[in-house]
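Summary of structural features
Letter by letter, the chains look like this.
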Amino acid sequence: MRNKTLAGALAVLFLGMMAAAASAQEVTQADKDRALQYLETTKKNVLEATKGLSDAQWNFKPAPDRWSVAQVMEHIAAAEDYLLATTKEKVMTGPAGEPGRDAKKMDEAVLMMVPDRTHKAQAPEPLVPTNRFGSPEGSVRHFVEGRAATEDFLKSTAGLRDHVMDSPLGKLDGYEFVLFIAAHSERHTKQINEVKTDPTFPKK
């Protein structure tokens, strides 16, 4: 009888520990607020970096193998769709993360590494600019719509820590993919500003 009581107590303790571990991995309202602020700030920076550009400025290329501001803007807008769809369709239906996964550490890795343009990356084929939105202004409009959809997903989705998927940074959960989306636009806003600071960038 005593052994059964001890076993029962251990089982309750174990389940309590599991519940505590699970709750520790939940996205808090503070986490959501932080990500929402980051989405808003990076959106504002994209819009400011592309505001009032002339056709010549939109289409200027610093070199034949480098993108124009128009091409970068299209890439940002297309990536917003692509990454959000990936998050909804693949990440949120993927496997659970490893027990004891340090989500906060991975959050910070996304925020630090994705915007870092000292490490160059090749855009995947689906995100190479093709003028799919018809004009730079079309790309901007599409980006704003896509960002609103990303923010709605963040606000309305539960269980953002429950599933993970492989990424260039390792396995990321749904919350980290939202951070990745914002960080990706920050990365390419820096690219836009690099183009604009080229010595031969048109004055108007």
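Structure: see above.
This text gives an overview of the structure that appears in the document.

Analysis parameters
- Residues numbered from 1 in each chain as written.
- Predicted model: local features only at pLDDT ≥ 70, side-chain atom pairs only at ≥ 80, totals over all residues.
- Heavy atoms only, no water.
- Helix = DSSP H or I, 4+ residues; strand = E, 2+ residues; numbered from the N terminus.
- Buried < 20%, exposed > 50% of the residue type's maximum accessible area, 1.4 Å probe, protein only.
- Contact = heavy atoms within 4.5 Å.
- Areas by Shrake-Rupley, 256 points an atom, 1.4 Å probe, with all protein chains shown as cover.
- Axes fitted to C-alpha atoms, helices over the stretch in contact; angles between N-to-C directions.
- Parallel < 35°, antiparallel > 145°, perpendicular 65-115°, else oblique.
- Left-handed = near helix turned anticlockwise from the far one by under 90°.
- Nonpolar A, V, L, I, M, F, W, Y, C, P; charged D, E, K, R; others polar.
- Arc of directions from axis to C-beta.
- Phe/Tyr/Trp six-rings, centres within 6.5 Å; stacked < 30°, edge-to-face > 60°.
- Pairing = 2+ DSSP bridges.
- Expected span 1.5 Å × (residues − 1).
- Core = buried A, V, L, I, M, F, W, Y, C linked by side-chain atoms within 4.5 Å.
- Lys, Arg positive; Asp, Glu negative; His and termini not counted.
- Salt bridge = Lys/Arg side-chain N within 4 Å of Asp/Glu carboxyl O.
- Polar contact = N/O pair within 3.5 Å; in protein donor to acceptor, adjacent residues only side chain to side chain.

**Looking at the overall build of the chain**
For the chain, the helix and strand inventory stands at seven helices and two strands. Put simply, the chain runs from its N terminus to its C terminus through helices and strands in the order α-α-α-α-α-α-β-β-α. Counting the 204 residues in the chain, one finds 43% classified as buried. Across the chain, contacts joining residues at least 24 apart in sequence account for 84% of those joining residues at least 6 apart. Per element, the accessible surface of the chain, about 11,600 Å² overall, is 59% carbon and sulfur.

**Observations regarding the environment of Trp67**
Among the structural elements, Trp67 can be located in the loop between helix H3 (55-59) and helix H4 (69-89). Not counting chain neighbours up to four residues away, the residues in contact with Trp67 comprise Lys61, Pro62, Val72, His75, Ala123, Leu127, Pro129, Gln191 and Val195.

**Remarks on the packing of helix H2 (residues 29-50) against helix H7 (residues 174-196)**
Running from N to C, H2 and H7 point in directions that differ by 20°, and their axes come no closer than 9 Å. By the angle class used here, H2 and H7 are roughly parallel. The handedness of the crossing between H2 and H7 comes out as left-handed. Listed contacts from H7 to Asp31, Lys32, Arg34, Ala35, Tyr38, Leu39, Thr42, Asn45, Val46, Glu48, Ala49 and Thr50 of H2 are Tyr175, Val178, Leu179, Ala182, Ala183, Ser185, Glu186, Thr189, Ile192, Asn193 and Lys196. Taken together, the residues that form the contact of H2 with H7 break down as eleven nonpolar, six polar and six charged.

**What to know about helix H5 (residues 103-113)**
When H5 is considered as a whole, its buried residues turn out to be Ala103, Met106, Asp107, Ala109 and Val110. Across the axial projection of H5, the buried residues extend over an arc of 160°, all falling on one side. Summarising the geometry of H5, the exposed residues directed more than 90 degrees from the buried face are Lys105 and Met112. Residues of H5 that are buried make contact with strand E2 (170-173) and H7.

**Quick word on the packing of aromatic side chains**
As enumerated under the stated definition, the model contains two aromatic pairs in all. With centroids separated by 5.7 Å and ring planes inclined at 85°, the aromatic side chains of Phe60 and Phe201 adopt a geometry described as edge-to-face. With Phe60 in the loop between H3 and H4 and Phe201 in the segment after H7, this residue pair connects regions lying 141 residues apart in the sequence. Residues Phe60 and Phe201 agree in their burial class; the two are buried.

**Describing the pairing of strand E1 (residues 164-167)**
With four bridges connecting them, E1 and E2 associate as antiparallel partners. Bridge pairing links Asp166 to Lys171 in E2. Between E1 and E2, which follow one another and run antiparallel, lie two residues.

**Digging into H4**
Two residues of an α-helix separated by three or four positions point the same way, owing to the 3.6 residues in each turn. Compared with an ideal rise of 1.5 Å per residue, which puts 21 residues at 30 Å, H4 spans 30 Å between its outermost C-alpha atoms and is within 8% of the ideal. Of all 21 residues in H4, 15 are buried; the element is thus mostly enclosed.

**A few points about the nonpolar core**
Ranked by internal contacts, the top residues of the largest apolar core, which has 46 residues, are Trp58, Met73, Ile76, Leu154, Leu160 and Tyr175. Those elements giving two or more residues to this core turn out to be H2, H4, H5, helix H6 (136-156) and H7.

**Structural notes on the side chain of Lys32**
Structurally, Lys32 can be placed in helix H2. No salt bridge is formed by the buried Lys32; the nearest opposite charge belongs to Glu26, separated by 8.4 Å. Side-chain polar atoms of Lys32 contact the backbone oxygen of Thr157, separated by 2.9 Å. Once you skip the residues sitting within four places of it in the chain, Lys32 turns out to touch Val27, Leu154, Lys155, Ser156, Thr157, Leu160 and Tyr175.

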